[in-house]
Structure formats: C-alpha cells, structure tokens
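# Commentary on secondary and tertiary structure
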Amino acid sequence: MQVVVEFFGIPRARAGVPVTTCGGETLGQVFTELAARFPELAETCFESGRLRPGYIANLDGQQFIDDPKTLLNDGQAILILSADVGG
Amino acid sequence: MHAYHGCYLRVDLASGSCQRVPLAEDVLRRFLGGSGLGAYLMLQEQAARFDPLAPEAPLAFVFSPLVGSPLTTSAKFAVVSRGALTERFNDSLASSGFAIAGKKAGCDAIVIVGQAAQLSTLVIDDGQCRLEPASGLAGLSANKTEQQLKAAWGADYQTAVIGPSGEQLVRYATISHSGRHAGRGGTGAVMGAKRLKAIAVRGTQRTTWADPEALHEMAKSLSKRSFGPATAKYRELGTAANLLTLNRLQALPTRNFQQGYFAGAEAIAPEQIGAARRQTRASCAACTIGCEHIYHLGDRSTGDGVRLEYENLFALGSLCAVDDAELVLKASRACDELGLDTISAGGTIAFAMECVERGLIDAPWLTFGDGQAVLNALEAIARRDGLGDRLAEGSRRLAEQIGHDSIRFAPQVKGLEIPGYEPRSLQTMALGFAVGSRGADHNRSGAYEVDLSSAVDRRRVQADDARLAVETEDRAALIDSLILCKFLRGVFDDLFAETAEMLRAVTGWRVTADELRLTARRIVTAKKQFNILAGWTPAEDTLPERFLETPLPDDPQASLSSKRLAELVAAYHVERGWSPEGQIGPKDLEILGLDSE
C-alpha cells in the first residue's frame, strides 16, 4: 500500500522535500518509515511513534488525524504540517 | 504597588494640559493592562459617545504589568480607541522599545484627547508633556518620520508615528513604531484626526517587582522554552509559511474570497522565494523568538529589505490574485511606509477589483492579477487621490456608496476587513469573525487553531463547538492584557496557571488561574459592553452574505448557511452567559464587576 506524503512548514524544511511516497497500512507505519528515511524530520516532529505537539497530520486535505492506528487506503495523501498557522 | 505606576497621563492636545490620573489597584487587578485596561479606559472616558475621528475622541496607548520585566516578548503596548473603520471597540497591539520607554515615563497608559492647532509631535519626557510643531514632517513616510525624530530628539526617545495615510485620515491607517504597526482598525486615522504626527517618549522611572528572584527564574524558563519546537515555525520560516498550508486546505482567500485556492501561491511562498530573497531575521526588544523575516527587493546588493508576514502575502497576493513576488514585496513595503493596514488595504482593493469586473466601478486599470495596479491603488489611497479617496474609507463604506447589493461581497465584519482564513473552510474561525468585538479578526479570536485540529470538523462546525471559540477568545484576551506575544502560546501547558504565577511574581497579588479566567471573561464582556453603548445590534454578529449563500467553488463541502451561523452565534452568546441575542444582563455585569463601569 502506497500513500503520498506532503510536507508543509517546518516538516518540509526538515524533510528537505515537499512530497514523497511511502508504504504503510496505518498512520503509525507511515511515521515509522518516514522517521527512518528523514532523521531530521524524526528528531523534530516525531516522538514515541506519534507527532510531537505543534505538528499535525491531515488526510487528503479533509480530516485531521492523530491516532497512529488510523487505517489508510492506497493512494491517499497524508499532509504533515505545523499545527499553529496563526499569523 | 509593584509592576504599575498606578496612574495614567491624560493629555489634552487642545489645551496643552497633561494630568496624572490615578488608577486604583483594584482596577488594575481587574483589567491588568493592554487591551483589558484599554477597555476600562474607553468606558471611563465614554469614548462610545464620540465619532472616532472627532477631536474629543480618546486615543489610549496602554502598557502592562509585564512591560520592563525580563520575561521574553513582554515589550508590548496596546493602542485603543473607538475604531475608525468599525465605530466599535478597537484595540491594536504593537511591540518593542516604545512600550518600555512609555512605561518608564511614569505611567501605565497615555490617554490623548482633543485636537492640536497644527500638525504636532507630543513629547513626553519623564512624565512631562509638551507639544512641538511637526509641519516639517508632513507627508513623510513612517520610517522617515521616525528617523527625523531620532535625529532631532536623540536616540533615547522612542517614537510612535503616523505616515501619510494617517494624516489623510485613511480609515485603516496604522500607528508605526520601529517598522512595526498597531495595524488594525484605523488607529492612525484617530491619531491623524488629532493632528498628531508623532509621540516621542523617554523616561527613567522603573517599577519594582514583588519577587524579583522568582521572576528571573520564570524568565529563564520561558526564554529557554521559546527556543523550542513550539516556536520553530516562527523562528525559521515566519508566519509566511502559512500560505501553502492554507492553500492546500482550500482555506487561502483568493480573488476577494471567491475561491479558497490560489494557483499562483507557490510563486509567492517563502519556500519558493526564500533562498534567493531572505536577508535576515529581526526581533522586537526583549524577544527571544525573532519571528521577523526580512526579504530583499530587487538586487540583493541594495540592502533594500521588507518584513514579510502571512497576512501581507495573502492580502496583497492571493486576495488580489497577484503571483509576482517582487510586486507583493513592494506592496508590502508601500504599506509599511504609507502607514496602511495590509489586510484592510488588500481587502478593499480586492473588493474594488471585483466591483470593476462586475461593472460597478469604472476603473479598468484595477484588475485581479495586476500587481502594479495594487501598488498604484495603495499610493492613491494614502493620498486620497481619485478613486483612492473612496477606497480610503474601507470596503463597507465603499459598498454603501456603490449600492447594487455589493455589500453582499464586501469582505468585512462590522467594517473590518477579513484576515486570511476562508470562513467556509474554517468555521470555528468564521464564528470568531462574526462575534469579534473589533470585527473580523484573527488576533482577538484564535479559533483557526481549533479548525486545524482533530477537535472539530472544520467544515461542519456545530453549536456545541462554540465553547471552543470562547476558550480561544478568552486566552487571547488574557495574553493581550498581560501583554505577551501570542507566538509563545504553544509553550504553555496551562496558560492561566503559568501566567498567574508571573503576575504574582511581578505584582505580589495572590492571583489564581481561576481569577485570570474570570478576568479574561470580564475583559471580553467589557469590550462588548462598549460596543452596546456604541450602538451595536445583534444583526452585526454575522458574515457577508457571500459566505452564507455560496459554497467554495472547488470544495462544495465548505458551505455555511445563515441558519447554521445564527445557531453558532447564539450558542456563543449563551456560552458567554449573555442572552442568545447577545445582550448582557445586569447580573452578568455585576458578576464580572462591570456594573459600575
């Protein structure tokens, strides 16, 4: 199963790319793979298999999700972004 | 008394008098400072009775108990008046040395009434006031005015000034200090109506702290946390990083809120232009975050830089459909120099562009996507030249002039142009906009943070969620009265408990988190009470019909009916303890200690 991962804000700066593809059936599995591939992203944004406070994930630009057990479908887009978008 | 001087300076520009008016400790404890104390002062001065641009209308610069302390981001002040755009309560915050110097002049606020006989500078030297002619500063940009004042009066003076827009009473003119602005609601027009070009202040009077040792420990801890992940976005990217995030969520206002997605966003995003144009970072006095990102214009060798914030990018970029980064940066700098609020300027210009498209304004040069036209419009607004004279009144008054039901798509609430959060996509924020005391506003209601979480379905917010809007508004009221920077809010586990400790350390009061929760409610209600006295009606707590009639074109789920918004507004009012229509009962005023104000 492949999902598209899009990075915004600090997660993009840490990942060094705006978008990538990733395997995994759950959000937690996607995080695990991302952490292995992008150590700087992992150091800043992940903690104990979850996103740290201040960062959040969104499914297909629709629903914000935070449970690592969230099941994913093939081809879905996971957005990882800074939760605080105040200006 | 610790942390306060226990008085404010009341300056009458007509008579030249300057009184020191006592502020009781009980008042200071109930309203703190900044926005809260400003609300108290506006009620006391009966500002709701006066046209905001009348000579008698009071204009207050309000400091706070934390100003001058070692707490990071505490060098802030509020500028408070009846709003030139809204004719409702208006509080605008700015930062840096003016707050420190103003408080060292020996007062907790400066209230200015009356009108000077000629364009003047108010000089406040350690609490002694005098007026100096400022005819030589007429028409100068905000930056040049501050430079000339520093040259004339010395670097130990801190200055708050208006640019050409304030002199011309543009209803969204700013008051500028050191390149920063008390931006929203037209504070600069209120100052301009007093023929006051500038205030120069210095002083030597420091307040004492009740528990300096505890205060320094808190300051160290707060500074350390301000370097952590909660503020990384502001330090490394600045607020401009919001642009692509909101665009991806179809929440980036585009073409006068006709769309929530801007195809040209990448071209003006900091991620795209940053490598070639970012020069440096800057920060306010007493701040460890350093959120200001300076971008250079044209050739990097000129050193010609401009601060860039998300709201500038949205208002002067996507809202006007401009995807030329150089022109957006130039427009942003023009607003800085002319002393214009970028959100209201961009909102009014975008509204005019749509009116041109619909044949309601005869100005074929003013079209979506034309960045040079935006620049030309900004200059015309600041000089009130031609069409600029009409645009200088803001989108609500312009719509009222134009007629043809154009008010339906004028992007404002209570006259204040809507900031860069599409209400149909972010519906808790939509509620915050509708009920905001100063109009559509993201600083007094931070409800967008609820929408960007798993707490609500952002496109289907329900009445039960109104409490979340109340909570964000209360937190903002506290932060804006203490005053601290909102960019710190992510570092607090419990804002009310931690700031109670801060307040205890500076004042010696045995303040609790619960007391501060009540204080926040009191401050929000005091602003509402001001609005009621100024003529507020329940019909004002809504959004323009565009948002209630039409889903977003590319996101049909982003739909908000007038019925559902009315339910949200009523739920908000009830959550506040008011009637469903938003009326405050005498008992509520008594509980909050507002019955005597």
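Throughout what follows, the structure given in this document is the object of discussion. Treat the numbers as computed from the prediction; the structure is a model and nothing was measured.

### Notes on the overall build of chain B
Across its full length, chain B carries 25 helices and 17 strands. Scaling as 2.2 N^0.38, a compact globule of 597 residues should have a C-alpha radius of gyration of about 25 Å, and chain B matches this with 22 Å. Projected onto its principal axes, the C-alpha coordinates of chain B cover approximately 60 × 55 × 45 Å. A separation of at least 24 residues holds for 69% of the contacts in chain B among residues at least 6 apart in sequence. For chain B, the accessible surface area stands at approximately 19100 Å², while carbon and sulfur atoms represent 47% of it. Within chain B, the 73 negative side-chain charges are centred at a point lying 2 Å from the centre of the 65 positive side-chain charges.

### Some details on the packing of aromatic side chains
According to the stated counting rule, one finds 17 aromatic pairs over all chains in the structure shown. Each ring, one from Phe-31 of chain B and one from Tyr-40 of chain B, has its centre 5.2 Å from the other, and the planes form 40°; the classification is tilted. Grouping residues by exposure puts Phe-31 of chain B and Tyr-40 of chain B together as buried. Ring geometry for Trp-153 of chain B versus Tyr-157 of chain B: centroids 6.1 Å apart, planes at 65°, classification edge-to-face. Note on Trp-153 of chain B: relative accessible area 25%, which makes it partly exposed. On the basis of relative accessible area, Tyr-157 of chain B is assigned to the buried category, the value being 3%. Chaining the aromatic ring pairs together yields one cluster made of Phe-61, Phe-63, Phe-77 and Phe-98 of chain B. The ring of Phe-8 of chain A has Arg-12 of chain A sitting right over it, with the charged end atom 5.4 Å from the ring centre. The positively charged end of Lys-528 of chain B is found above the aromatic ring belonging to Trp-536 of chain B, 4.0 Å away from the centroid.

### Thoughts on the sheet that holds strand E13 (residues 278-282) of chain B
Residue and element names in this part refer to chain B. With antiparallel pairing, 3 strands are arranged side by side in an open sheet as E13-E14-E15. Edge positions in the sheet fall to E13 and strand E15 (305-307), since each has one partner strand and no second. Each neighbouring strand pair of the sheet contributes to a mean axis angle of 30°, computed without reference to strand direction. Bridge count between strand E14 (residues 292-296) and E15: 3 bridges; the pairing is antiparallel. Paired with Tyr-295 across the two strands is Val-306, which belongs to E15. Across the sheet, helix H11 (residues 270-277) lies against E13 and E14, angled at about 65° from E14, the strand it touches most. Each of E14 and E15 is contacted by helix H13 (residues 325-338), which is oriented at about 75° to E15, the strand it contacts most.

### A look at the packing of helix H7 (residues 212-226) of chain B against helix H21 (residues 495-507) of chain B
All names here are of chain B. Where H7 meets H21, the axes come as close as 9 Å, and the angle between the chain directions of the two elements is 145°. In terms of crossing hand, the pair formed by H7 and H21 is left-handed. Of the residues in H21, those in contact with Ala-214, Leu-215, Met-218, Leu-222 and Arg-225 of H7 are Glu-498, Glu-501, Met-502, Ala-505 and Val-506. The class makeup of the residues in the contact of H7 with H21 is 7 nonpolar, no polar and 3 charged.

### Quick word on the side chain of Thr-73 of chain B
Summarising the element assignment, Thr-73 of chain B is placed in the loop between strand E3 (59-62) and strand E4 (76-82). Ignoring sequence-local partners within four residues, the contact set of Thr-73 of chain B consists of Ala-286, Cys-287, Ile-289, Ile-483, Leu-484, Cys-485 and Leu-488 of chain B.

### Some words on unusual backbone geometry
All names here are of chain B. Following Leu-482, the chain continues to Ile-483 via a peptide bond in cis, the omega torsion being -10°. You can see Ile-483 is positioned in the loop between helix H20 (466-482) and H21. Although it is not a glycine, Leu-32 sits at a positive phi angle of roughly 65°. Along the chain, Leu-32 turns up in the loop between helix H1 (25-31) and helix H2 (34-44). Its identity as a non-glycine residue notwithstanding, Asp-126 has a phi of 55°, on the positive side. Looking at the secondary structure, you find Asp-126 in the loop between strand E7 (120-125) and strand E8 (128-133).

### Describing the sheet that holds strand E7 (residues 77-82) of chain A
All names here are of chain A. An order of E2-E1-E7-E5-E6 is seen for the 5 strands of this open sheet, with the pairing classed as mixed. Edge positions in the sheet fall to strand E2 (19-23) and strand E6 (63-65), since each of these pairs with one other strand and no more. Pairs of neighbouring strands in the sheet enclose a mean axial angle of 30°, with direction left out of account. Bridge count for strand E5 (residues 55-59) against E7 is 5 bridges, and the pairing is antiparallel. Paired with Ala-57 across the strands is Ile-80, a residue of E7. Of the strands in this sheet, strand E1 (2-7), E2, E5, E6 and E7 touch helix H2 (residues 27-37), which is tilted by about 120° from E2.

### Thoughts on the side chain of Lys-486 of chain B
For Lys-486 of chain B, the position within the fold is in the loop between H20 and H21. If we skip the residues at most four places from it in the chain, Lys-486 of chain B touches Asn-443, Arg-444, Ala-476, Ile-479 and Asp-480 of chain B.

### Describing the interface of chain A and chain B
Across the boundary between the two partners, chain A contributes 23 residues, which contact 29 residues of chain B. Carbon and sulfur atoms supply 54% of the area that chain A and chain B bury against each other, a total of about 2200 Å² over both sides. Counting the contacts that link chain A with chain B gives 2 salt bridges. Taking the shortest distance from any N to any O, the salt bridge between Arg-14 of chain A and Glu-236 of chain B comes out at 2.6 Å. Those elements giving two or more residues to the side of chain A that touches chain B turn out to be helix H1 (10-15), E5 and E7 of chain A. In terms of residue count, E7 of chain A provides more of the side of chain A that touches chain B than any other element does, 4 residues in total. Of the residues that constitute the side of chain A that touches chain B, the class distribution is 10 nonpolar, 7 polar and 6 charged.

### Description of the pattern of salt bridges
Evaluation of the coordinates by the stated rule reveals 42 salt bridges over all chains. Overlapping salt bridges bring together Asp-91, Arg-444, Asp-480, Lys-486 and Lys-527 of chain B as one network.

### Remarks on the packing of helix H14 (residues 342-357) of chain B against helix H17 (residues 394-402) of chain B
Residues and elements named next belong to chain B. Relative to each other, H14 and H17 sit at 25°, their axes nearing to 9 Å. The angle between the axes of H14 and H17 places the two elements in the roughly parallel class. For the pair H14 and H17, the crossing hand works out as right-handed. Across the interface between the two elements, Thr-348, Phe-351, Ala-352 and Cys-355 of H14 pack against Gly-394, Ser-395, Leu-398, Ala-399 and Ile-402 of H17. Among the residues making up the contact of H14 with H17, the classes are represented as 6 nonpolar, 3 polar and no charged.

### Comments concerning the nonpolar core
All names here are of chain B. The biggest cluster of nonpolar side chains holds 172 residues, and the ones touching the most others in it are Ile-349, Leu-366 and Leu-378. Residue contributions to this core peak at 9 residues, all from H14. Setting aside residues no more than four positions away along its own chain, Leu-378 makes contact with Ala-331, Ala-334, Cys-335, Leu-338, Leu-340, Ala-345 and Ile-349. One finds Ala-99, Ala-101, Leu-122 and Met-191 within the second-largest nonpolar core, a separate group that totals 33 residues.

What counts and how
Residues numbered from 1 in each chain as written. Chains lettered and ligands numbered in written order. Predicted model: local features only at pLDDT ≥ 70, side-chain atom pairs only at ≥ 80, totals over all residues. Heavy atoms only, no water. Helix = DSSP H or I, 4+ residues; strand = E, 2+ residues; numbered from the N terminus. Rg over C-alpha atoms; globule rule 2.2 N^0.38 Å. Contact = heavy atoms within 4.5 Å. Areas by Shrake-Rupley, 256 points an atom, 1.4 Å probe, with all protein chains shown as cover. Lys, Arg positive; Asp, Glu negative; His and termini not counted. Charge placed at Lys NZ, Arg CZ, Asp CG, Glu CD. Phe/Tyr/Trp six-rings, centres within 6.5 Å; stacked < 30°, edge-to-face > 60°. Buried < 20%, exposed > 50% of the residue type's maximum accessible area, 1.4 Å probe, protein only. Lys NZ or Arg CZ within 6 Å of the ring centre and 35° of its normal. Pairing = 2+ DSSP bridges. Axes fitted to C-alpha atoms, helices over the stretch in contact; angles between N-to-C directions. Left-handed = near helix turned anticlockwise from the far one by under 90°. Nonpolar A, V, L, I, M, F, W, Y, C, P; charged D, E, K, R; others polar. Buried area = accessible area lost by both parts, 1.4 Å probe. Salt bridge = Lys/Arg side-chain N within 4 Å of Asp/Glu carboxyl O. Parallel < 35°, antiparallel > 145°, perpendicular 65-115°, else oblique. Core = buried A, V, L, I, M, F, W, Y, C linked by side-chain atoms within 4.5 Å.

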